[in-house]
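Observations on the three-dimensional arrangement
Chain residues, written in single-letter form:
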Amino acid sequence: MKFNTKTIHGGQKNEEVTGAVMPPIFLSTTFAQESPGVHKGYDYSRAGNPSREALENCLASIENGKYAFAFSSGLAAIDAILKTLKPGDHVLVTDDLYGGTYRMFTKIYSVFNIEFSFVDFTNVKEVQNSMQSNTKLIWIETPSNPLMKVVDIKKLVEIAKSNKALVVVDNTFATPYIQIPLEMGADIVMHSATKYLGGHSDVIAGALIVNDTDLAEKIKFQQFAGGAILSPFDSYLVLRGIKTLHLRMKCHCENAMKIALILEQNNKVKKVYYPGLVSNKYHQLAKEQMNSFGGMVSIELENRQAVNNFCKKLQLFTLAESLGGVESLVNHPYTMTHASIPQEVREKIGITENLIRISVGVEDVEDLIEDILKALK
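My aim in this report is to walk through the structure given alongside it, one point at a time. (Residues numbered from 1 in each chain as written. Predicted model: local features only at pLDDT ≥ 70, side-chain atom pairs only at ≥ 80, totals over all residues. Heavy atoms only, no water.)

The next point concerns unusual backbone geometry. Each neighbour pair has its own omega, and for T142 with P143 the value is -10°, a cis peptide bond. For P143, the location among the structural elements is in the loop between β4 (135–141) and α6 (153–162). In the segment running from N145 into P146, the intervening peptide bond is cis, with an omega of 15°. Backbone geometry places N64, a non-glycine residue, at a positive phi of 55°. Along the chain, N64 falls in the loop between α2 (50–62) and β1 (67–71). Note on N64: relative accessible area 29%, which makes it partly exposed. With phi around 55°, K164 is a residue other than glycine that occupies positive phi space. Along the chain, K164 turns up in the loop between α6 and β5 (166–170). In this structure K164 comes out as exposed when scored by relative accessible area, which is 78%. (Helix = DSSP H or I, 4+ residues; strand = E, 2+ residues; numbered from the N terminus. Buried < 20%, exposed > 50% of the residue type's maximum accessible area, 1.4 Å probe, protein only.)

On to α6, then. Along α6, the residues that are buried comprise I153, L156, V157, I159 and A160. The arc that holds the buried residues of α6, viewed along the axis, is 160°, so those residues lie on one side. Seen from the buried face of α6, the exposed residues on the opposite side, beyond 90 degrees, are E158 and S162. Check the buried side of α6 and you find it contacts α5 (124–130), β4, β5 and α10 (283–289). Two to three positions downstream of the cap, the backbone nitrogen of K154 sits 3.3 Å from a side-chain oxygen, assigning the N-cap of α6 to D152. Just downstream of α6 lies K164, where phi reads positive at about 55°. (Arc of directions from axis to C-beta. Contact = heavy atoms within 4.5 Å. Polar contact = N/O pair within 3.5 Å; in protein donor to acceptor, adjacent residues only side chain to side chain.)

Following this line, the structure appears as structure tokens:
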């Protein structure tokens, strides 16, 4: 089954009682048991729910995985992974990543004697030299947030496996429309399903997809015991969003490429971060590893005043948190999504006051280009 078909039919079946083509929303918290301890697959919705299961089956299908878990947020999904670690374990992390992930690592789990090292994952030799005997996880974002770094997943998997460490890939920016990390050897794929999978800025959700049965059991236990489940209604929203994922992502990618090319030629823009550009240093790797280049573009302007003026003048793009919805958004990582990262760390890796992250929507691209060019004047 091809990807476009999987988004609609992958892991899905008509509802058994009524034959409903679209999975119903099962709001029940509890289910009748035939006798004590004997039931038809469901007993309590924290452990399992038909609506959530329908989504999880779809998630496993589109990521070519065996097991999937739907969480109440992307951070809840990350939390479940970290809870499989033990005090004294070491995690190697890409240096350019979502601020909320950084905050969880450094402010919550470091307190429990879990060590995190932040390394430039585009430098494979540096990754190799940073591995420790107690390294249990390698945490990858590719393309990264917000600098759009592209990491060689296969090479990092080789390093991880030689050290018996697991590889986690945050696939939020790319989605399985663009890349399938499990096929490249990753152990866990993570999503903030709030973004492209949901696609309509109306649901907060997270997801984990794996192939290994033992790892799946560990994650399942953490979710069941911790309770960070996705509600039946939110599961329905994400599943509905996935059915148009291939259509939306095609438009996101096409619009972003056209906008990146225009921005690259504009003298008000100092730098454009987009792996689809031939001038981008990650372009060749992106061509080899990805089917397209995504809907996210970051740009660097002359100074903070130029950033403020640009954001204020925009009419179709909304200044807001998040990304991946049908509408176009702009974000100032320095003061918004990445504000929880210490200033010196932000500036060291290139998240400066002059940086803007753009989530290109599915509006008519000519309208979007006109809006950007007017705002840059």
